[in-house]
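Chain by chain, the residues:
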Amino acid sequence: MLAGVPLAAAAQTRPAAAATPATPAQPSAATTAPQAARTITTLRVEGTQRIEPETALSYTKLRQGQPYTNETLDQAIKDLYASDLFADVTIDGAATGNIVIRVRENPIINRVIFEGNKRLKEDKIGKEVRLKPRQIFTRSAVRADVARIIELYRRQGRFAATVQPKMVSLDQNRVDVIFEVSEGPKSKVRQINIIGNKVFDDGKLRAQMATKEARFFRVLSSGTSYDQDRLAYDQQKLRQFYLTEGYADFRVTSAVAELTPDRKDFIITYVVEEGERYKFGDVTVDSDIRDFDGKKMATTLGIKKGDWYNAKLVEDTVEHLSETAGLFGYAFTEVQPDFQRDSEAHTMSINFHIGQAQRTYVERIDITGNTQTQDKVVRREVRLAEGDAFNSFQVKRSQDRINSLGYFQDKFEIKQTPGSAADRVVLEANVEEKSTGELQLSAGFSSLERFIIQANITQNNFRGKGQTLRAGVNYSSYSKSIELGFTEPYVFDKNIALGVDLFRRDYNSFNFYGTDRRTTYSQVSTGFQIRTGVPLTEYWQLAGRYTFSYDKVGLDENSFFTNGACDPLKAGRYLCEALGNRLTSMVGYSLIYDSLNSRLRPTAGQRFVFSQDFAGLGGSVRYIRSRVEGSKFWNIGGGFIASIVGEGGYIRSLEKSRGEGVDRVRITDRFYLGEPQFRGFDIRGVGPRVKRQYYTTDANGAQVLVTDRDQVIDDALGGTAYYLGRFEIEIPLGSGARELGLRPSIYAQVGSLFNITRPLPTAVFPTTTDANGNTVVLPLPVYTNGTDKIPLYYYTNADGLSVSTTCAAGIPGANGACNGVVPNTAQIASQPFQETFLGDSARPRLSVGIGVNWNSPFGPLRIDLAKALVTQPGDDKKLITFNVGTQF
């Protein structure tokens, strides 16, 4: 390795200008007296390898037969060096006129190598440097590339970075250029000093800045790195803060960033002048537009005389007046605030002048950028037509509706440009399409579903007509389903939506007994649904639907049947009552109000849905199910999005009583609450349930209940009424995290599920009293049929066979009497257990948590860490929830 380019550069110093190569001493050039011109007798070039001698001569003014002087020869040497083709140039024969130009060519670059660069990848540095393979090597180019590399590291906040260039000579006058990079630590902001502030302390002002002091709790923050552009931004932030607090004379007199001697950190010092605090003086509106009454408009402003001056209120007022003018059709209205400052009274009077403007009309609506989506799909969402009077509110509403389609990239805006005349405006909808088809293929293993295979395909913009086509298959050990759906949002180009769904769902409910998973009941539903929707107003919509399904509800015969019939002692009376086949014919409607600015990821607006479904239009099931949902979203500043979401429902059966202790609403038609709707609780973990605990004996021989959760049977029964509310705040992250699709949030939820008929006990077990006076629960005997209910026993006969008998001891005689005193073994219908009915309470459950939405390459993903703070007896809690494929 040869130090062919002996120079090093640091991030704080700029490379020195390239020195002019030393000119070889010429024998006759050292004299100061004027020299007589001589003639070049012969002229040749020696030492060239790749370059033709004629090419080398072309860079000079020397020609055979022409006169020359020492100054002419000196200039020729300078010209050859300036060509960047030669590393060394000398001229001989100046005394004789036989001129020989001896050159040594600059080498050709074989490779450009970077070493030590970890924070900046080679491809990023390679785009900035000018040296490339097969180019001519020059020292000036190396110096320039060193400066460029250091500038890249400075942009990353690494001001201690150094670059050492080296050259390795190869054969055929080739070289490898190596840039040895010492990146150094990232320069942090060690301290931010503010001088001159009296009203607000340093901490308050630092909180307004994007730059933060480096502290251990900010290890993940990018704001602790020094950035010169951010320094100017922070000055603007300070000014904005003081202007919103009434300090109209505030200014930053200086901002200095000093690098510490170890080149690791910066110390930033601001010198500020706060000035006096101002209040609003007279606030007036002056309008050149005839339709506007300035005095009346002044009364609607949010600025009042005597309030502290706030520059943000002034900006909002200008925007408010511009939007108001837009509502009346004035698209290009200029609102100019005129300030009158009274330095003695410390007041700021403002006159908002609305300039003269003409009422404008929509001349044309241009839609561009849509290669797949048909124009009419976009145009039918625009609330204005060509020729209509311009209305800024309708433009904003059109923009929100197009965004809600989900066919185009975010941040779409409708631009307004002047038309062919002063009273004409052109609306430009320049869309950028994104993929609207979704294909999800997944396989996995779950403790709930065992092996899972899912395949779903959805096209939300089928054939570019805005139609939705979907198909899905779900298969696992305990659930199987197939669904097909199609929706046409505009039937025959009318604003009427029509859709149809076909489905077959095979679902098994289950519980655990020990480590054994047991199916409680199975439900197979086959049917279809027809949907339609029509708008009532811009925000109100009426939707209707008809659903037809055939349900078969059964139990695991191996686990819960005895002699071909459902055994309540094994399954529970409430599960045996759910068995049967039923036909459901149901019609329903929904009344919807929707003013959200986006249906996919709303940040403002609200939504309300009231729906009812009536089952009983034929079929064997009769009930009315009512539900209400509401949500509101708003931006609370600083990028934080707050939302309140609430829902509730109630089912009223229209059937007669099905017996004592039997709820008239079947278990398969009830509401259920838990994961994923109610975070902090397990699947179906909230609401009425029956827990069955068997009796056992402890180490002392006393009878006790089993408390091991794995041995307690827990059956969720659902409810006929529920409510659920959530307050959530979405936390903004940096641009890098937003690009990854990460959206964290904190939330609190409250809800409950309740209101079913208390089920009758499955069995009443006989009891006795032991020697210590304690009550002992005995197994349930098997009784004879009939009204007498005599307990049954069994004994072993002479052939070794078990024989059933009503004799507690001995064997039955010929006359029906029991002969003998040997006790027989009682036949047991069930071991003793205790059933407890829990959770049927409207009292609220409360949970708080933090969650993260991630739009991952594998599909939408959400992780929640939620803690249930308020629970009711019987609720099943769950700390961590992990969902894939749910819509955010």
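The text that follows walks through the structure, step by step, so that each part is easy to find. These numbers were taken from a predicted model, which means no experiment stands behind them.

Analysis parameters
Residues numbered from 1 in each chain as written. Predicted model: local features only at pLDDT ≥ 70, side-chain atom pairs only at ≥ 80, totals over all residues. Heavy atoms only, no water. Disulfide = S-S within 2.5 Å. Helix = DSSP H or I, 4+ residues; strand = E, 2+ residues; numbered from the N terminus. Pairing = 2+ DSSP bridges. Axes fitted to C-alpha atoms, helices over the stretch in contact; angles between N-to-C directions. Contact = heavy atoms within 4.5 Å. Buried < 20%, exposed > 50% of the residue type's maximum accessible area, 1.4 Å probe, protein only. Expected span 1.5 Å × (residues − 1). Polar contact = N/O pair within 3.5 Å; in protein donor to acceptor, adjacent residues only side chain to side chain. Core = buried A, V, L, I, M, F, W, Y, C linked by side-chain atoms within 4.5 Å. Salt bridge = Lys/Arg side-chain N within 4 Å of Asp/Glu carboxyl O.

Moving on to the state of the cysteines. Within the structure shown, the criterion is met by two disulfides. Between the sulfur of Cys566 and that of Cys576 lies a disulfide, 1.9 Å long from S to S. As the torsion about the S-S bond is roughly -75°, the Cys566-Cys576 disulfide counts as left-handed. In this pair, Cys566 is assigned in strand S27 (residues 565-566) and Cys576 in helix H13 (residues 573-576), connecting sequence segments ten residues apart. The disulfide pattern of the protein is 1-2, 3-4 when the bonded cysteines are numbered in sequence order.

For the rest of this paragraph, the subject is the sheet that holds strand S10 (residues 188-195). Within a sheet, each strand pairs with its neighbour through backbone hydrogen bonds, oriented either parallel or antiparallel. Taken together, the three strands give an open sheet; going across it, the order is S10-S12-S11, and neighbouring strands pair in mixed fashion. This sheet does not close on itself; its edge strands, each paired only once, are S10 and strand S11 (251-259). Here the average twist between neighbouring strands, direction ignored, is 15°. Set on the sheet, helix H6 (residues 228-244) makes contact with S11 and strand S12 (265-273); between it and S12 the angle comes to about 30°.

A separate point is the pairing of strand S40 (residues 793-796). Only one face of S40 is covered, namely the one carrying Tyr793 and Tyr795; the face carrying Tyr794 and Thr796 has none of its residues buried. The hairpin formed by S40 and strand S41 (residues 802-805) contains five residues between the paired strands, and Gly800 there has a positive phi angle of roughly 80°. With two bridges joining them, S40 and strand S44 (residues 825-826) adopt antiparallel strand pairing. From the neighbouring strand, Tyr793 faces S44, where its bridge partner is Ala826.

Bringing helix H10 (residues 392-405) into the picture now. Compared with the 20 Å implied by 1.5 Å per residue over 14 residues, the 21 Å span of H10 between its first and last C-alpha is a close match. Of all the 14 residues making up H10, ten are buried; the element is thus mostly covered by neighbouring parts of the structure. Where H10 is buried, its residues meet helix H8 (311-327), helix H9 (375-379), strand S17 (414-418), strand S18 (424-430) and strand S28 (580-594). The N-capping residue of H10, defined by a side-chain oxygen 2.9 Å from the backbone nitrogen of Phe393, is Asn391.

Moving on: the nonpolar core. Generally speaking, soluble globular proteins have nonpolar side chains that are buried together. Within the largest apolar cluster, 25 residues are counted, with the highest numbers of intra-cluster contacts made by Val285, Phe292, Tyr309, Val314, Ile350, Phe352 and Ile354. Breaking this core down by element, the ones donating at least two residues are strand S13 (279-287), helix H7 (294-299), H8 and strand S15 (347-354).

Attention now moves to the pattern of salt bridges. Counted under the stated rule, the structure contains 43 salt bridges. Two residues, Asp176 and Arg111, come together in a salt bridge whose shortest N-O distance is 3.2 Å. A residue pair is termed long-range when its members are at least 10 positions apart, and Asp176 in strand S9 (residues 174-182) and Arg111 in strand S7 (residues 108-115) qualify at 65 residues. Of the residues examined, Arg111 reaches a relative accessible area of 45% and is grouped as partly exposed. Residue Arg607 is joined to Asp594 by a salt bridge in which the shortest nitrogen-to-oxygen separation is 3.0 Å. Remark: Asp594 occurs in strand S28 and Arg607 occurs in strand S29 (residues 605-619); sequence separation between them is 13 residues. Residue Arg607 is classed as partly exposed on the basis of its relative accessible area, which comes to 32%. Beyond isolated ion pairs, a larger network of salt bridges with shared partners links Glu381, Arg383, Arg397, Arg401 and Glu538.

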